[in-house]
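# Observations on chain architecture
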There are 2 protein chains.
Amino acid sequence: MAIAYLGPEASWTHQAAREKFGQDVSCLPSKSIADVFDSVSRNTAEYGVVPVENSTEGAVDQTLDLLMDCDLRICAQILLRIENNLLARGPRQNIARVYSHPQVFGQCRDWLRREMPTVEKIEVSSTTRAAELASQELGTAALASPLAATVYGLTILEKAVQDRPDNTTRFLVVGRHDCPKTDHDRTALMFGPRDETGALFAALRSLDQLKINLRNVESRPSRRKAWQYFFFIDLEGHQEDALLVAAMKELRKHCDVVKILGSYPDLQNSL
Amino acid sequence: MAIAYLGPEASWTHQAAREKFGQDVSCLPSKSIADVFDSVSRNTAEYGVVPVENSTEGAVDQTLDLLMDCDLRICAQILLRIENNLLARGPRQNIARVYSHPQVFGQCRDWLRREMPTVEKIEVSSTTRAAELASQELGTAALASPLAATVYGLTILEKAVQDRPDNTTRFLVVGRHDCPKTDHDRTALMFGPRDETGALFAALRSLDQLKINLRNVESRPSRRKAWQYFFFIDLEGHQEDALLVAAMKELRKHCDVVKILGSYPDLQNSL
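Below or above, wherever it landed, is the structure these notes cover. Quick caveat, the model's predicted, so the values are computed rather than measured. (Residues numbered from 1 in each chain as written. Chains lettered and ligands numbered in written order. Predicted model: local features only at pLDDT ≥ 70, side-chain atom pairs only at ≥ 80, totals over all residues. Heavy atoms only, no water.)

### Here we look at the interface of chain B and chain A
The partner chain A presents 49 residues to the 49 residues of chain B that form the contact. Ranking the residues of chain B by area buried against chain A places Phe201, Arg223 and Trp227 of chain B at the top, with a combined share of 20%. Linking chain B to chain A there are 16 salt bridges. Note that Glu57 of chain A is salt-bridged to Arg220 of chain B, the shortest N-O span being 3.6 Å. Seen at the junction of chain B and chain A, the total is 25 residue pairs in polar contact (both at pLDDT 80 or more). Class assignment for the residues of the side of chain B that touches chain A results in 13 nonpolar, 12 polar and 24 charged. (Contact = heavy atoms within 4.5 Å. Buried area = accessible area lost by both parts, 1.4 Å probe. Salt bridge = Lys/Arg side-chain N within 4 Å of Asp/Glu carboxyl O. Polar contact = N/O pair within 3.5 Å; in protein donor to acceptor, adjacent residues only side chain to side chain. Nonpolar A, V, L, I, M, F, W, Y, C, P; charged D, E, K, R; others polar.)

Shown next as structure tokens:
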């Protein structure tokens, strides 16, 4: 069985994939989140692993946008505590430049402003790439994982520099088939309210009738019309549950688009 | 009067600032959105101009996060049609690498996958910086504005490569004082529902009683507790209107945090 993940090797997504699938599967690094979706759609991989949300820095927009358009199903979630470390070859006082991924800069924003206000921050495509650059250029550092320090022979100058100690990323496993019902599931769905006054609220009301504790609503541009949005929510229960079937029917009355993205076991692993 | 804006010079935000304030004010480029907020808070600038939302690529998270924590007021909005162009020194067939800002890569995602699937995409801090790099390195290109082509002596190889022709960015003007009421205002507000079952829905219901056509709800991590969120919405009307005062009172019953970010004239300029 092959698993596609957002690479490169030693990325947090790689660690999430290993956490879920163990050491005995073949893990294929992909260059982008879109490539992970492609590999699963084309059957090159059985499942794909991508980040969807960080507890400090918020949703990963590209994952939401891809879920909007593709036919893959969400099969599982993986929660991973994320520790960002300051890694370098030389001493801290020589650092004039720090490399990292934009999301990680967001997770460490307060720390950077306090501890390294004058240092240049350069956004790169992954924390692994950041560590690689820090290993090649003197006077630079990376914000990356302890694993990246080992892989690129860097020293950990400071551990856990993220602004929130409970900094956690939620990853999704996507596949081609729906998951069977367990006794504790979540269902992810997306909807696009009609272009009518009150349609967003009416759509939400049809969910409130279920007595769901809605904790969050993510919004993304529909990419069909300017200032028109699609909304992403997670509900308790499985898409086959009578209550959810009824809610979807009600929701469709107020929406042009309703799409169930998948039902998956609500496991709080690694937290 | 000095205006701070997200630089560098010739950025889209610079163009938005010029559109709003004309040529007779002194415009100060800032290195980051946080620096724009700082300049206004410390009275170095009278107003600041920052991007808040693009119609294709969605909210600018850092602007929302800064509005959450600072005491500045939203005083105006500026809408600017954004045209992304492929700029380079040499011919298109030689391009092995494209530089741009992550938001612009998002705005041109489908075009890039279709037209330049094998070309390396490198994220940099601004489209102006992308144009500068493309002017220095052969075999590279930038996705940037027509103005950047002029400033860095680059050729426009292809015009308007964004996925949506109506691609528009909404900018905010922030200042230290509330705006007086006009006959057509919008009010931006932020709220954090109580940690209770149904609190988000109850908060939204208190707004629905106003017969507001809620088109969008933006969500951001509260940065206080993992998986706790703050929500951003825009309403019609001024914060001094009796209806809004009543709604805020009702909203506070279900929220730990309610903050009016500002009331400002609802002008649809440059569209």
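### A few points about the sheet that holds strand β7 (residues 97–100) of chain A
All names here are of chain A. Spatially, β8-β7-β9-β6-β10 is the arrangement adopted by the five strands of the open sheet, whose pairing is mixed. The sheet terminates laterally at β8 (120–123) and β10 (155–158), the two strands that pair on one side only. Direction aside, neighbouring strands of the sheet carry axes that sit 35 degrees apart on average. Of the strand pairs in this sheet, strand β6 (residues 85–88) and strand β9 (residues 140–144) are connected by four bridges, and their pairing is antiparallel. (Pairing = 2+ DSSP bridges. Helix = DSSP H or I, 4+ residues; strand = E, 2+ residues; numbered from the N terminus. Axes fitted to C-alpha atoms, helices over the stretch in contact; angles between N-to-C directions.)

### Here's the deal with the pattern of salt bridges
Taken as a whole and judged by the stated rule, the model has 64 salt bridges over all chains. Where Asp38 of chain A meets Arg42 of chain A, a salt bridge forms, and the shortest distance between an N and an O atom there is 3.9 Å. Where Glu115 of chain A meets Arg114 of chain A, a salt bridge forms, and the shortest distance between an N and an O atom there is 3.7 Å. Exposure remark for Arg114 of chain A: the relative accessible area of 57% places this residue in the exposed category. A network of salt bridges, in which partner residues are shared, links Glu57, Arg109 and Asp163 of chain A together with Asp61, Asp65, Arg220 and Arg223 of chain B. (Buried < 20%, exposed > 50% of the residue type's maximum accessible area, 1.4 Å probe, protein only.)

### Details of the pairing of strand β13 (residues 218–221) of chain A
All names here are of chain A. Alternating positions in β13 separate into two faces, Glu218 and Arg220 on one and Ser219 and Pro221 on the other, with burial throughout. Bridge count for β13 against strand β14 (residues 229–236) is four bridges, and the pairing is antiparallel. Within β14, the position partnered with Arg220 by the bridge is Phe230.

### Some points on the side chain of Asp208 of chain B
If you trace the backbone, Asp208 of chain B turns up in helix α8 (residues 199–208). By relative accessible area, Asp208 of chain B is classed as buried at 19%. Reaching out from Asp208 of chain B, the side chain makes a polar contact with the side chain of Arg205 of chain A at a distance of 3.4 Å. Beyond its immediate sequence surroundings of up to four residues, Asp208 of chain B is in contact with Phe201 and Arg205 of chain A.

### Details of the relation of the copies chain B and chain A
At an RMSD of 0.0 Å, chain B and chain A line up after a rotation of 180 degrees and a shift of 0.0 Å along the axis. In short, the pair behaves as if placed about a two-fold rotation axis. Mapped onto chain A, 100% of the interface residues of chain B again fall at the interface, so both copies present the same surface. (Least-squares fit on C-alpha atoms with pLDDT ≥ 70 in both.)

### Details of the packing of helix α2 (residues 33–41) of chain B against helix α3 (residues 61–69) of chain B
Residues and elements named next belong to chain B. At a closest axis distance of 9 Å, the pairing of α2 and α3 adopts a crossing angle of 35 degrees. Considering only the axes of α2 and α3, their crossing is right-handed. Residues Ile33, Ala34 and Phe37 of α2 pack against Gln62, Thr63, Leu66 and Leu67 of α3. For the contact of α2 with α3, the residue count by class is five nonpolar, two polar and no charged. (Left-handed = near helix turned anticlockwise from the far one by under 90°.)

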